[in-house]
Amino acid sequence: MHERTTDAAETAIPLPERQGRSYTPGEGQKAMTSAEAERLAGRPRVSREPLARAERLQLTMLAGLFVLIAAMLSAGVVAFTTLSSQILGLQAEMHEEIGGLRTEIGDLRAEMHEEIGGLRGEMREEIGSLREEMRRLSDRTDQLSDRMGQLSERMTRVETLIETRLVPAADAPDPAGP
């Protein structure tokens, strides 16, 4: 994919001279000892060559896998955010409904209190009128009792009159004879 197609010698721009550390001992430097060479001998050598086709394929697959995982994570975040907002919306609607129901219950409670107050007033009026009627009946009963007493007195006087005046005459002999 990224293979070199031209050599550095063919390009018009010359490469800069390296001023860095040299791999061969120069003046004032000492060469690598055999102990250091043995120690570094077991290490795999790092290749400065471009990546092989298999390595590029592996890197491409890893990058694709990373992109796929990132896409799945972002889709999960979007789904979570969407669900969270829907839950919050439902919760707000539920709070609104509960508030509306509380208002309705409060209104119904107030109406019932008014109705009960009105019924209490009507009951008091009815009880008052029944008391008045009972008082009138009681007065009439007292009047009837008084009249009955007067009638009883008159009857007693009539009986006394009959006994005193008519009964003695009835005991007297009949003038025409027996």
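The notes below deal with the structure included here. Worth saying up front: this structure is predicted, and the values here are computed from it rather than measured.

**Regarding the overall build of the chain**
Here is step 1: Assigned secondary structure in the chain consists of 2 helices and 0 strands.
Here is step 2: The buried share of the chain, taken over its 178 residues, is 1%.
Here is step 3: With an accessible surface of roughly 17,900 Å², the chain has 60% of that area assigned to carbon and sulfur atoms.

**Some words on a negative patch on the surface**
Here is step 1: A grouping of Glu93, Glu96, Glu97, Glu104, Asp107, Glu111, Glu114, Glu115, Glu122, Glu125 and Glu126 is seen on the molecular surface, where their side chains present a negatively charged patch.
Here is step 2: By the secondary structure assignment, glutamate 97 is in helix 2 (residues 53–171).

**Things to note about the pattern of salt bridges**
Here is step 1: In the structure shown here, the tally under the stated rule is 4 salt bridges.
Here is step 2: Residues arginine 136 and glutamate 132 are paired through a salt bridge, measuring 4.0 Å at the closest nitrogen-oxygen approach. Of this pair, arginine 136 and glutamate 132 both sit in helix 2, 4 residues apart, roughly one helical turn.
Here is step 3: Note on arginine 136: relative accessible area 43%, which makes it partly exposed.
Here is step 4: For glutamate 133, the salt bridge is made with arginine 136, and the minimal N-O distance between the two is 3.3 Å. Placement of both glutamate 133 and arginine 136 in helix 2 is noted, with a separation of 3 residues, approximately one turn of the helix.
Here is step 5: Glutamate 133 sits in the partly exposed class, given a relative accessible area of 37%.
Here is step 6: The network of salt bridges with common partners includes Glu132, Glu133, Arg135, Arg136 and Asp139.

Definitions and cut-offs
- Note on numbering: residues in each chain are counted from 1, in written sequence order.
- Predicted model: local features are reported for residues with pLDDT of at least 70 only, side-chain atom pairs are reported and counted for 80 or more only, and whole-chain, interface and lining totals are derived from all residues.
- Each side-chain value is derived from all of the structure's non-hydrogen atoms; neither hydrogens nor water enter the calculation.
- Going along the chain from the N terminus, every DSSP run of H or I of four or more residues is numbered as a helix, and every run of E of two or more is numbered as a strand.
- To sort residues, take the accessible area from a 1.4 Å probe on protein chains only and compare it with the maximum for the residue type: under 20% means buried, over 50% means exposed, and anything in between is partly exposed.
- Residue-level accessible areas treat just the shown protein chains as cover; the underlying method is Shrake-Rupley with a 1.4 Å probe.
- Each patch groups residues whose relative accessible area exceeds 30% and which form no salt bridge, using 9 Å between like charges and 5 Å between nonpolar side chains of Val, Leu, Ile, Met, Phe, Trp and Tyr.
- Whenever Lys or Arg places a side-chain nitrogen within 4 Å of a carboxyl oxygen from Asp or Glu, that contact is recorded as a salt bridge.
- For this count, His and the chain ends are skipped, Lys and Arg are scored as positive, and Asp and Glu as negative.
- Lys charges are placed at NZ, Arg charges at CZ, Asp charges at CG and Glu charges at CD.

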